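# Coordinate inspection notes
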Amino acid sequence: RDAYYAQAFPKAQFATKEIPKAMLPPQDQGNATYVEARDKKGALLGYLRDFIGSVTQSDACACSPLSLTLVFNADTSFKTLLTPTPLEKFGHDAMDQADIARLIMLAKDPPAGLMAERRPENLVDAVTGATKKVFEPHVVELAALSTHRVLMLVEATQKILKGAPLAWDRQRLQAILDTTK
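Residues numbered from 1 in each chain as written. Predicted model: local features only at pLDDT ≥ 70, side-chain atom pairs only at ≥ 80, totals over all residues. Heavy atoms only, no water.

### A closer look at the pairing of strand 5 (residues 78-82)
Note the cut-off: Working definition: with a 1.4 Å probe on protein chains only, accessible area under 20% of the residue-type maximum means buried, over 50% means exposed, and in between means partly exposed. Strands are runs of DSSP state E lasting at least two residues, helices are runs of H or I lasting at least four, and both sets are numbered from the N terminus onward. The pairing criterion for strands is at least two bridges between them, as found by DSSP.
The buried count for strand 5 comes to four of five residues, which makes it a mostly enclosed element. In sequence, strand 4 (residues 66-73) turns back onto strand 5 through a hairpin of four residues, with Thr-76 there showing a positive phi of about 75 degrees.

This is the structure we're talking about:
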């Protein structure tokens, strides 16, 4: 994995960290780690989070699963994404480099209207699967569900990266307090 992660952080050292279970929605429980990238002196360079899962938070989606790695800077801002296999659009067509570049741009500066919509099924027509006109400017063409899922994962991961250390500290403190009683 280090060679794969080195695409984002060349010459870094990588350490896997557990995500507190309470911070993960039930459908993402299998993606319960993130990775810290540090330089040789131990300075934090950024974070990576591998994700393999459905395009929607429902198992009912017939879409191919997403398989990607989200990359964040040390301040938890989104940097880029890595994909071991091509991401897919509607009809199982592979996203090209322009699609991936658009997805990365949207993840760096997510459209407020798209982020406000928490139900991915509201992005597409239920009969045809076409992206609804109001969302077309805010998603990768023919990939509204994938775009939405990636943006939601970026948002959730940023919250995890900021909150996980606090959650672990809280658990350790509680364990100490429990032993003193």
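Having seen the model, we can carry on.
### Here's the deal with the environment of Tyr-34
Looking at the secondary structure, you find Tyr-34 in strand 2 (residues 33-38). As for Tyr-34 and Ala-15, which are separated by 19 residues in sequence, their C-alpha atoms are 8.5 Å apart.

### Quick word on the pattern of salt bridges
Just so we agree on the cut-off: Any Lys or Arg side-chain nitrogen found within 4 Å of a carboxyl oxygen on Asp or Glu counts as a salt bridge.
The full count for this structure, using the stated rule, is six salt bridges. A salt bridge links Arg-1 to Asp-50; its shortest N-O distance comes to 3.0 Å. Of this pair, Arg-1 sits in the segment before helix 1 (2-5) while Asp-50 sits in strand 3 (residues 44-53), placing them 49 residues apart in sequence. Here Asp-50 falls in the partly exposed class, since its relative accessible area comes to 25%. Notably, a salt bridge pairs Arg-38 with Glu-36, separated by 3.1 Å at the nearest N-O pair. The partly exposed category is assigned to Arg-38, whose relative accessible area is 28%.

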